[in-house]
Amino acid sequence: MPECPYILLSCAMSIDGYLDRPSGPRLVLSNDADLDRVDEMRAGCDAILVGAATVRSDNPRLLVRAPSRRAQRVARGLPPTPVKVTVTERAKLDPAASFFTTGDTDKLVYCPTENTAEARAQLASVATVIDGGRTVRMRRVCEDLRSRGVRRLMVEGGQSVLTQFLTAGLADELRLAVAPFFVGNAQAPRLVGNGRFPWDPSHQATLAGVRQLGEVAVLTYALSARYRSA
Ligand SMILES: NC(=O)c1ccc[n+]([C@@H]2O[C@H](COP(=O)([O-])OP(=O)(O)OC[C@H]3O[C@@H](n4cnc5c(N)ncnc54)[C@H](OP(=O)(O)O)[C@@H]3O)[C@@H](O)[C@H]2O)c1
């Protein structure tokens, strides 16, 4: 069977398990120390994946920010910041989004065969559009990324993407930051949607680390036998 990269899921949620507010500007769930922790994790990865809805709603740059970390990557023969990856079914992405316009690194877009031509017409000048098959499955995306040299993949959300990686049993590790407040609105996206998860009351995940960064708690769960502590 083709190999997958080591897969690290990274996200932040409120105490009541929400990834964002229901609408409006993106909810900040990290403090400076936590942002620096995420930056360090990014610097240690070959690629970062987010869903297309996150590209549209948050307009993230997904870059390694610290100049010293970028320089260390370049000294190791890597691009200053990891390859950026997204998945889309509808292929409605703006080539002017920060995902595409920032960072001296490759940008990859996986979409179903049916919409590949449309995606290429929109994005060919800013990204490599990859035909993900009739339905884009995360395992296939991961195997393809591994064949492109990605050994360590960081998945930064949102809810739909996290749910697919977890229910497919693809994740090796979950780093979950818990912000010290509630959202309290069921219209907001939760950490995951409905699904059958490999970890349930009779098959529990292993809590591999707990870290306090100011008022933010960072929980590390080992989700596979491949888990390696940083
Ligand atoms: N707190 C955090 O750590 C964090 C991190 C990231 C995001 N977020 C939040 O999460 C929310 C977005 O989450 P979300 O669940 O709506 O969206 P998402 O997971 O970011 O993206 C979902 C979109 O990705 C595409 N997609 C997902 N799986 C696919 C598949 N198998 N095949 C083809 N395309 C696929 C589809 O794009 P198309 O619609 O283009 O077809 C789908 O609508 C935002 O509020 C954002 O702020 C929070």
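About the criteria used
- Residues numbered from 1 in each chain as written.
- Predicted model: local features only at pLDDT ≥ 70, side-chain atom pairs only at ≥ 80, totals over all residues.
- Heavy atoms only, no water.
- Helix = DSSP H or I, 4+ residues; strand = E, 2+ residues; numbered from the N terminus.
- Rg over C-alpha atoms; globule rule 2.2 N^0.38 Å.
- Buried < 20%, exposed > 50% of the residue type's maximum accessible area, 1.4 Å probe, protein only.
- Lys, Arg positive; Asp, Glu negative; His and termini not counted.
- Charge placed at Lys NZ, Arg CZ, Asp CG, Glu CD.
- Pairing = 2+ DSSP bridges.
- Arc of directions from axis to C-beta.
- Contact = heavy atoms within 4.5 Å.
- Salt bridge = Lys/Arg side-chain N within 4 Å of Asp/Glu carboxyl O.
- Core = buried A, V, L, I, M, F, W, Y, C linked by side-chain atoms within 4.5 Å.
- Near = heavy atom within 4 Å.
- Polar contact = N/O pair within 3.5 Å; in protein donor to acceptor, adjacent residues only side chain to side chain.
- Areas by Shrake-Rupley, 256 points an atom, 1.4 Å probe, with all protein chains shown as cover.

1. Structural notes on the overall build of the chain
Then step 1. Scanning the chain from terminus to terminus reveals 7 helices and 9 strands.
Then step 2. For a compact globule of 230 residues, the expected C-alpha radius of gyration is about 17 Å, and the chain comes in at 17 Å, within 12% of that figure.
Then step 3. When its C-alpha atoms are laid out on the principal axes, the chain stretches across 45 × 40 × 40 Å.
Then step 4. Within the chain, the proportion of its 230 residues that are buried is 49%.
Then step 5. Across the chain, the mean location of the 30 positive side-chain charges is 2 Å away from that of the 24 negative side-chain charges.

2. Digging into the pairing of strand 2 (residues 47-51)
Then step 1. Counting buried residues along strand 2, 5 of its 5 residues qualify, which places the element largely inside the surrounding structure.
Then step 2. Strand direction decides the pairing type here: strand 2 and strand 3 (residues 83-87), joined by 5 bridges, are parallel. Its bridge partner being in strand 3, Ala-47 is matched across the sheet by Val-83.
Then step 3. Examined bridge by bridge, strand 2 and strand 6 (residues 152-155) share 3 bridges and lie parallel to one another. Within the sheet, the bridge partner assigned to Leu-49 lies in strand 6 and is Val-155.

3. Points about helix 5 (residues 113-123)
Then step 1. Asn-115, Thr-116, Ala-119 and Leu-123 are the residues of helix 5 that are buried. Looking straight down helix 5, one finds its buried side chains confined to an arc of 125°; they lie on one side. Facing away from the buried side of helix 5 by more than 90 degrees, the exposed set consists of Glu-114, Ala-117 and Ala-121.
Then step 2. Buried residues belonging to helix 5 abut helix 4 (98-101), strand 4 (107-111) and strand 5 (128-131).

4. Points about the pattern of salt bridges
Then step 1. A full pass over the atoms with the stated rule returns 8 salt bridges.
Then step 2. Arg-37 serves as the salt-bridge partner of Asp-34, at 2.6 Å between the closest nitrogen and oxygen. Taken together, the positions of Asp-34 and Arg-37, both in helix 1 (residues 32-43) and 3 residues apart, correspond to about one turn of that helix. One exposure class covers both Asp-34 and Arg-37, and it is buried.

5. Overview of helix 6 (residues 138-147)
Then step 1. If you check which residues of helix 6 are buried, you get Met-138, Val-141, Cys-142, Glu-143, Leu-145 and Arg-146.
Then step 2. In this structure, the buried side of helix 6 is in contact with strand 1 (6-13), strand 2, strand 3, strand 4, strand 6 and helix 7 (159-167).
Then step 3. With its phi angle positive at about 95°, Gly-149 sits one or two positions after the end of helix 6.

6. Digging into the side chain of Thr-220
Then step 1. Looking at where Thr-220 falls in the secondary structure, it is placed in strand 9 (residues 216-222).
Then step 2. Classification of Thr-220 as buried rests on a relative accessible area of 11%.
Then step 3. Among residues more than four places away in sequence, those in contact with Thr-220 are Glu-173, Leu-174, Arg-175, Thr-206, Leu-207, Ala-208, Gly-209 and Tyr-227.

7. Side note on the nonpolar core
Then step 1. Among the nonpolar cores identified, the biggest contains 34 residues, and Ile-7, Leu-9, Tyr-110, Leu-153, Val-155 and Phe-165 are the most heavily contacted of them.
Then step 2. Elements with a contribution of two residues or more to this core: strand 1, strand 2, strand 3, strand 4, helix 6, strand 6, helix 7 and strand 7 (173-178).
Then step 3. If we ignore the near neighbours within four places in the chain, the residues touching Leu-153 are Pro-5, Tyr-6, Ile-7, Leu-8, Ala-47, Ile-48, Leu-49, Cys-142, Leu-145 and Phe-165.
Then step 4. Core analysis: the second largest hydrophobic core is formed by 21 residues, Leu-93, Ala-97, Leu-123 and Val-129 among them.

8. Things to note about the site of the ligand
Then step 1. Inspection of the region around the ligand gives 26 residues, with Ala-12, Asp-20, Thr-54, Arg-56 and Thr-88 positioned closest.
Then step 2. A distance of 2.7 Å separates an oxygen atom of the ligand from a polar backbone atom of Ser-160.
Then step 3. In the complex, 83% of the free accessible area of the ligand, which totals 930 Å², lies under the protein chains.
Then step 4. Counting residues per element, the ones that place at least two in the shell around the ligand are strand 1, helix 2 (52-58) and helix 7.

9. Regarding unusual backbone geometry
Then step 1. Omega for the peptide link from Gly-157 to Gly-158 comes to 0°, which places this bond in the cis form.
Then step 2. Mapped onto the elements, Gly-158 comes out in the loop between strand 6 and helix 7.
Then step 3. In this structure, Leu-62 takes a positive phi of about 55° despite not being glycine.
Then step 4. Here Leu-62 is to be found in the loop between helix 2 and helix 3 (67-75).

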